[in-house]
Structures are given as C-alpha cells and as structure tokens.
Amino acid sequence: MQELDLSPNDFELCLKCNLCTTVCPMMAANPHYPGPKQAGPDGERYRLKDAAFYDLTLKYCLNCKRCEVACPSDVRVGDIIQNARIRFGRQHNPIRDFMLANTDLVGSLASPLAPVVNSALGFKPVRLALDSLMGVDRRRVFPSYSKERFSSWFRKNALPRQARFARKIAYFHGCYVEYNFPQLGKDLVRILNEAGYGVELLPEEKCCGVALLSNGFSRQARRQAESNISAFRKALSGGAEAILTTGSTCTLTLREEYSNILGMDVSDVASCIHLATEWLYGKLESGEISLKFKSLGKPLRVAYHSACHMVKLGWSIFSIEMLRRIPGLQLTPLQPQCCGIAGTFGFKKENYDYSQKIGLSLFDEIRELNPDLVATDCETCKWQIEMSTQYSVLNPVSLLSAAL
C-alpha cells in the first residue's frame, strides 16, 4: 500500500506509564493483542527503523480512542496505530473488506430492493453462505435497509419549506441515515425547523470514510474526504452557520481523522462541524434558540450509552443534558465502556467472539437496569446493543423530536 505523507506523531512524549493498557477493551478480551503502548509508541520506534517490525496483531485495535483519553501526555496512541496499519497492514479478506468498507456502494444497491435484501440477510442459508464464502459471521444481525433514501425524502417533502427560514444549517447525514434509518434525519430536520433554521443537504456528500480507513482503503478514503471538505467549504461560504451530524463516529472522523490520519488540512472547517445535540445545547444555553419539550406520556426509563468516540470528543454530557430537558424522562447514564462492535470489526468472522466478549459487561449492565429503551449517538453501537440485549435503541435526536 502507498505510504501516506503524514506529519510525525508525538510518540516520544510517551511516559511508559501504561495507563492506556488499563483502559484498552481489546487487551482484556484477546491475549494476542500487545496493547496500545506496545502497538503504538513502542512499536513505532522499531517500525521507523525497519518495516519488518510491523506486528500483524495490530489488526485487533478497535480505534476506540480510549487510550488517547487516558494518556496524561496527550499522545495520539490510537492514531499511531492506525497510521501503522495504513502503511504496513494487509487485508485478510479483500472482497469482504471491500464490501464492508464501501457503504455508499452497498447502500445504493440494497436500498431499491430493501424488502428483498432485508429478508435475504435474515435467511439462515444466506448467512451461512456469507460466513463460509466471505467471512462475515453468521451470528451477526445486519441492519435493515430503507426502500426510500433520506435524500429522496428530503427533496420531495422537506426541501420546499426550507427557503422560508432566514438562517440555515448544512446537514451531513451519512450513510446510516441515507440508506438504513432515514427517520433520524427527519427528526433532526423537524427540530431545526422548530428552532427557526432551514436545512440544506450537501450535494457532494460521501460516506465519512471511517470504514474505508479501518479496512485499508486509505486512498479511496482520501478521495471521499476531499469531496466532503469541498462540500463543507461551499456550504459555509454559502451562508450555512454550521455543519451538523447525528453520528458520533462521523463527527470524530470529519473533525479529527481527516487531519490526524489522512494528513489533510481541515483547519478552516473542523470547528464548524458539530454533533446535533452538542450544537443544540449551546444554542439553548445561550438563548439563541428556544425549544419547548413535552412529556412523552408515561414515565420513560432511558439508559444512555456513551459511545467510545463520544468519550473521545468529550461530548456525552451534551446528549445527557439535552435528554434531561424532556419532562418525565428518567435518565440513567451507563458506565462508559466499549460495546465491542467497532464499526465493521464485529462483522468479521475472526473478530465476532472478541466483539461480544468486549461488550458483555455493558450488556449485563443494561439487562440489570432493565430500561424501557437505550439511547446512544452511535449507529453501530445501536446495532450491537439491539442484537445482544434485545432492547430498542434510539438516537437522542429522535427522543428530542418526539418530545417537541
């Protein structure tokens, strides 16, 4: 693979305190993974001398960023590992990895045939075939596809009324909202319109590229990043006050991974990219907007899961505080821990057992609490929790919309 021209990371600041190893979810589940300190700063010193020192077990890194949150010296441990994987790693199953990574391609093919595709993916012989031929674990439950794409719904139903608003927001909805769960996008449009903002979509929008990066397709990720950055600049220069997202991983990728992993300059747009709940909280607290929330009916017991990338961003508090604005909602923040799916990682046959073992304590906590539903800002966490606990999971934005 082509080596990326990246600025050197600050691995020499590593104190060898091993705090990163104490919070690594993979180390507790997999004895073959050397841990973030050895895989990151320690290993980088050797890899800079000779690429032969690259350790293939780095493929087990979840890129959860918990090592970076724990590091007292602010060493970007996870980024060091991800950059090493891009430079030296190789794909275990190229066809499977290509299909898992290309969410726009797969989504655009599956969406028109959504009822058939959804039925087929739930059919045991199909799942056995995916397991044996492609290495996608037969026990993994796939997310459903929507027959109507979010962008199609927006153009037909929401676009005509957006011109009445003097202020506007650009919405990076991502592949999950586009192909799997358009309702989340509809919910955000409703909230923003109620707050006095019109919504525009980004015509050149591509998947944020996180799945491409984690599966080794860095050059394609760069092309998609260039398209997205260009779209952000056009939207902001055209009067959009901010770019909002509804997914924590998309947000982290756009704000940080484009720079830290792909070495791209996003300094002019990164600070304008916000998770919807974080942006709404700031606007409500400053008095710039006003939203009145009502009770959702009977007292609703909600457990909030802080996704790993929400922890890295430091933004879980904003979703929590926004949910607390709903009258009668009984909110319990769960212990911040990894669910184990790590995007496409948990779909792969060789990773499935590690994925479920990592998430076990979270699943047990949810079952013990027995809430009416779980809230989280990460779509893949939603898939993992729903599959592993049978509890329904919603994005906080959908709960806020229902309470308007």
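Coordinates for the structure precede this section.
Residues numbered from 1 in each chain as written. Predicted model: local features only at pLDDT ≥ 70, side-chain atom pairs only at ≥ 80, totals over all residues. Heavy atoms only, no water.

Among the structural elements, glutamate 379 can be located in helix H20 (residues 379-389). If sequence neighbours within four positions are ignored, glutamate 379 has contacts with Tyr176, Gly247 and Cys250. (Helix = DSSP H or I, 4+ residues; strand = E, 2+ residues; numbered from the N terminus. Contact = heavy atoms within 4.5 Å.)

Residues Leu373 and Ala375 of strand S7 (residues 373-376) are buried on one face, and the alternating residues Val374 and Thr376, pointing to the opposite face, are buried as well. With four bridges connecting them, strand S5 (residues 300-305) and S7 associate as parallel partners. Of the residues in S7, the one forming a bridge with alanine 303 is valine 374. Taken together, the two bridges between S7 and strand S8 (residues 393-394) define a ladder with parallel strand orientation. Across the sheet, valine 374 pairs through a bridge with valine 393, a residue of S8. Regarding topology, H20 serves as the crossover connection from S7 to the parallel S8, and that connection is right-handed. (Buried < 20%, exposed > 50% of the residue type's maximum accessible area, 1.4 Å probe, protein only. Pairing = 2+ DSSP bridges. Right-handed = clockwise from strand over helix to strand, strands pointing away.)

Strand order in the open sheet formed by four strands is S2-S1-S3-S4, with parallel pairing between adjacent strands. Only two strands of the sheet have a single neighbouring strand rather than two, namely strand S2 (197-201) and strand S4 (273-275). On average, each strand axis in the sheet is inclined to that of its neighbour by 40 degrees, with strand direction left out of account. Sitting on the sheet, helix H15 (residues 248-260) is in contact with strand S3 (243-245) and S4, with an inclination near 160 degrees to S4. (Axes fitted to C-alpha atoms, helices over the stretch in contact; angles between N-to-C directions.)

What follows covers H15. In a regular helix each residue adds 1.5 Å, so 13 residues correspond to 18 Å; H15 covers 17 Å between its end C-alpha atoms and thus fits that length. Taking the largest bend as the criterion, H15 deviates by roughly 40 degrees, centred on leucine 254. The element H15 is extensively covered by neighbouring structure, given that ten of its 13 residues are classed as buried. Within H15, burial applies to Ser248, Thr249, Cys250, Thr251, Leu252, Thr253, Leu254, Glu257, Tyr258 and Asn260. (Expected span 1.5 Å × (residues − 1). Bend = angle between axes of the 7 residues up to and from the residue.)

Our next topic: the state of the cysteines. A complete count under the given rule lists zero disulfides for this structure. With no disulfide of its own, cysteine 20 lies closest to cysteine 67 among cysteine sulfurs, the gap being 6.3 Å. Of the cysteine sulfurs around cysteine 272, a residue in no disulfide, the closest is that of cysteine 250, at 18 Å. (Disulfide = S-S within 2.5 Å.)

This structure, assessed with the given rule, holds 32 salt bridges. In this structure, lysine 234 engages glutamate 204 in a salt bridge whose closest nitrogen and oxygen atoms are separated by 3.1 Å. Taken as a pair, lysine 234 in helix H14 (residues 218-237) and glutamate 204 in the loop between S2 and helix H13 (210-214) lie far apart in primary sequence, 30 residues in all. Judged by relative accessible area, glutamate 204 falls into the partly exposed class, the value being 28%. Connected through shared salt-bridge partners, Lys65, Glu68, Arg76, Asp79, Glu256, Glu257 and Lys312 make up one network. (Salt bridge = Lys/Arg side-chain N within 4 Å of Asp/Glu carboxyl O.)

When we look at burial in helix H18 (residues 316-323), the residues that qualify are Ser316, Ser319, Ile320, Met322 and Leu323. Each buried residue of H18 lies within a common arc of 165 degrees when the element is viewed along its axis, so the set occupies one face. (Arc of directions from axis to C-beta.)

What follows covers unusual backbone geometry. If a residue is not glycine, its phi is most likely negative; likewise, a peptide bond is most likely trans. Phi is positive for lysine 65, close to 75 degrees, though the residue is something other than glycine. By the element assignment, lysine 65 lies in the loop between helix H3 (36-47) and helix H4 (66-70). In this model, glutamine 390 sits at a positive phi of 75 degrees, which is unusual for a non-glycine residue. With respect to the helices, strands and loops of the structure, glutamine 390 is situated in the loop between H20 and S8.

Counting 64 residues, the largest nonpolar core has Phe150, Phe154, Leu192, Trp279, Leu291, Val302 and Leu399 as its most contacted members. Here this core gets five residues from one element, more than from any other, and that element is helix H12 (residues 182-194). Setting aside chain neighbours within four positions, we find leucine 192 in contact with Ile169, Tyr197, Val199, Leu244 and Trp279. Within the second largest apolar cluster, 28 residues are counted, among which are Ala231, Ala240, Tyr258 and Val266. (Core = buried A, V, L, I, M, F, W, Y, C linked by side-chain atoms within 4.5 Å.)

As far as function goes, none of this settles anything; it's purely spatial.
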